[in-house]
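Survey of secondary and tertiary structure
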Amino acid sequence: MKITNLRCLLLPAQKALLLRIDTDEGVYGWSQVEQNKHSYLAPQILHCKPFLLGLDPTDVENCMRRIRRLGAFKPWGGAVSSIEIALWDLAGKAAGLPVYKLLGGKVRDRVRVYMGGPPPFTPHVPYSAGGDRPEDYYSRTKARRERGRGIGIMKTAVGFHDNRWRQVDGYHYGIAYAHGETLSPTARATGGIAEVAGMVTERGLAHTVECVAAVREALGADVAMALDCGPGWKVPGAVEFARRVEALRPLWLEDLVTGDYTPYVGADLYRAVKQQTHVNLHTGEQIYLRQNFRELIETRAVDVVGPDPMDVGGLAELKWVAEFADLHGILMAPHGIGDGPFGLAALVQVCATLPDNYIAFELPIVGEEWRGLVTGIVEGMVEDGFVRVSDAPGLGVDIVEEEVRRALGTAEIYLGHARTGTPA
Ligand SMILES: [Mg+2]
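Residues numbered from 1 in each chain as written. Predicted model: local features only at pLDDT ≥ 70, side-chain atom pairs only at ≥ 80, totals over all residues.

**Topic: the packing of helix H3 (residues 60-67) against helix H4 (residues 78-95)**
Two elements in contact, H3 and H4, have axes whose closest approach is 10 Å; the angle formed by their N-to-C orientations is 160 degrees. Overall, the two elements H3 and H4 adopt an arrangement that is roughly antiparallel. Crossing of H3 over H4 shows right-handed handedness. Residue-level contacts link Val60, Cys63, Met64 and Ile67 of H3 to Val80, Ile83, Glu84, Leu87, Trp88 and Ala91 of H4. Of the residues belonging to the contact of H3 with H4, the class tally is nine nonpolar, no polar and one charged. (Axes fitted to C-alpha atoms, helices over the stretch in contact; angles between N-to-C directions. Helix = DSSP H or I, 4+ residues; strand = E, 2+ residues; numbered from the N terminus. Parallel < 35°, antiparallel > 145°, perpendicular 65-115°, else oblique. Left-handed = near helix turned anticlockwise from the far one by under 90°. Contact = placed C-beta atoms within 7 Å. Nonpolar A, V, L, I, M, F, W, Y, C, P; charged D, E, K, R; others polar.)

**What about the sheet that holds strand E10 (residues 331-332)?**
Taking strand neighbours across the sheet as the criterion, the six strands line up as E5-E6-E7-E8-E9-E10 in an open arrangement whose pairing is parallel. Each end of this open sheet is capped by a strand with a single partner; those strands are strand E5 (153-157) and E10. Where strand E7 (residues 250-254) and strand E8 (residues 281-283) come together, two bridges link them in parallel fashion. Looking at E8, one finds that Leu253 is bridged to Leu281. (Pairing = 2+ DSSP bridges.)

**Let's talk about the domain arrangement of the protein**
Where interface size is quoted, it is often the accessible area lost as the parts come together. Domain assignment breaks the protein into domain 1 (3-96 + 400-408) and domain 2 (102-396). Taking only C-alpha atoms, the centre of domain 1 and the centre of domain 2 are 25 Å apart. Every contact between the two is made by 37 residues of domain 1 and, on the other side, 31 residues of domain 2. For the side of domain 1 that touches domain 2, the elements supplying multiple residues, two or more each, are strand E3 (28-32), H4 and helix H15 (401-408). With 13 residues, the top contributor of residues to the side of domain 1 that touches domain 2 is H4. Partitioned by chemical class, the residues of the side of domain 1 that touches domain 2 number 17 nonpolar, 13 polar and seven charged. (Domains from an automatic or database assignment.)

**Let's talk about unusual backbone geometry**
The omega torsion of the bond from Lys74 to Pro75 falls at 5 degrees, within 30 degrees of zero and hence cis. Here Pro75 is to be found in the loop between H3 and H4. In this model, Gly230 is joined to Pro231 through a cis peptide bond whose omega is 5 degrees. Tracing the backbone through its elements, the reader meets Pro231 in the loop between strand E6 (224-228) and helix H9 (235-245). Phi at Arg149 is positive, roughly 45 degrees, even though this residue is not glycine. For Arg149, the location among the structural elements is in the loop between helix H6 (134-148) and E5.

**Here's the deal with the environment of Leu10**
Following the sequence through the fold, Leu10 ends up in strand E1 (residues 3-11). Each C-alpha atom, one on Leu10 and one on Leu408, is 9.4 Å from the other, the two residues being 398 residues apart in sequence. Every residue in contact with Leu10, bar those within four places of it in the chain, is listed here: Leu17, His38, Ala42 and Leu415.

**Thoughts on the sheet that holds strand E13 (residues 382-383)**
Strands sit in the order E11-E4-E14-E13 across an open sheet of four strands; the sheet is mixed. Bordering the open sheet on either side are strand E11 (361-362) and E13, each of which pairs with just one other strand.

**Examining helix H13 (residues 315-327)**
Look at H13: 19 Å from first C-alpha to last across 13 residues, which is about the 18 Å you get at 1.5 Å a residue. For H13, the complete set of buried residues consists of Leu315, Ala316, Glu317, Leu318, Lys319, Val321, Ala322 and Ala325. Note on H13: the residue one or two positions beyond its end, Gly329, has a positive phi of about 75 degrees. (Expected span 1.5 Å × (residues − 1). Buried ≥ 20, exposed ≤ 12 C-beta atoms within 10 Å, placed from the backbone.)

**Focus: the nonpolar core**
Here is a general trend for soluble globular proteins: nonpolar side chains tend to be buried in one another's company. Counting 125 residues, the largest nonpolar core has Tyr114, Val305 and Met332 as the members making the most contacts within it. Take this core: its biggest share by element is ten residues, from H4. Apart from residues no more than four positions distant in its own chain, Tyr114 is found in contact with Ile151, Ile153, Met154, Lys155, Ala226, Ala333, Ala360, Glu362 and Leu363. (Core = buried A, V, L, I, M, F, W, Y, C linked by C-beta atoms within 7 Å.)

**What to know about the pairing of E7**
Of all the five residues making up E7, five are buried; the element is thus mostly covered by neighbouring parts of the structure. Bridge analysis of E6 against E7 gives four bridges, and the strand direction is parallel. Paired with Met225 across the bridge in E7 is Pro250. Read from E6 through H9 to E7, the crossover connection turns out right-handed. For the crossover from E7 across helix H10 (residues 267-274) to E8, the handedness is right-handed. (Right-handed = clockwise from strand over helix to strand, strands pointing away.)

**Let's talk about the pairing of E5**
Counting buried positions over the five residues of E5 gives five, a clear majority of the element. Side-chain alternation along E5 places Ile153, Lys155 and Ala157 on one buried face and Met154 and Thr156 on a second face that is also buried. In this structure, E5 lies alongside E6, joined through five bridges in parallel fashion. By the bridge assignment, Thr156 is partnered in E6 with Leu227.

**Let's talk about the environment of Leu90**
Within the secondary structure layout, Leu90 lies in helix H4. Look at Leu90 and you get buried, because 29 C-beta atoms sit within 10 Å. Considering only alpha carbons, one finds Leu90 and Val389, 299 residues apart in sequence, at a separation of 18 Å. Not counting chain neighbours up to four residues away, the residues in contact with Leu90 comprise Ile21, Thr23, Val27, Tyr28, Gly29, Pro57 and Gly394.

Pasting the structure below:
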């Protein structure tokens, strides 16, 4: 079997960039990039095409050896990672087996999720909507919990992770932004969230702790509280914050120092924080490749790692990181909020195979606008905080091209700037 084509499909209403790999035997594989990157990763995906044409797609690692050097930390690992996932989809379809069988087999029939996004086809209450007062956090958390339908872990954005800190005068000693200034969606999507950094003031710290207390109260005793906090905290501020929220029993504090779109790891800084707090620290969503997890894991600088399959280099890469983390007593909670239907399916397949250090993956957002365009994702597939593992060949999801043509109002649905030829 040989790869004959690699094409991109842009779905503006879904903020989705999909990719499809075709073969000379008619078997194909689908994937997509994280939804935040839909507007700019197509050229990078198509850049990989000449490296892959003619290769056997079921030799996934052989294909990845040709293109792995074309990726980097988030967002630039997105193209390569998503291609890897499409290769597994294709290889699974070719073998008539679900992807989990090709990754070593499943050890669980249901995979636990945590709530970043809501269950498929239910309304999303975004991280960054509404006010910044503790009572706003309380009501927003109540609403999200309602939509979570039994999901036992909910993640909330606090600190530098959302725009609301900008509504607090004198939040930190870093570069001052105008009061109330917010980043445009484009700026956020392309890394604006990592622009903010500095030592948090007493006022900023007290405000954030009050908001966290409100979230804790709204969640009640039976829902665990994960907090996405940064990046951008300096070590002393991060330590002080961790100590003050310790009594509120967060499951983890995510990305305090680095994360999101930070193009490096900072393992030594995490280790400095960890040595001074008992709260679990979590990071890793922006990290590309196993090599860049090595120091974090070997020095036990955090308690939980959260690679995203669509950024780390794909499913096999994520599984390797999970096994290596488990060897070192570190837990696993993969990232995935923007990964859409293909990311959801991919996370289910790989997480079914992970060792006992697995906690839960972050539920990707699959909004109402996907209904009818994709098979294999259904309302009600999240039950009591778990998703049942699909046994269908490949990822178990597919695009309904007829419906896509109808939605886009054109017969030619693939992007036109495909690059051909042999790389130098
Ligand atoms: Mg995060």
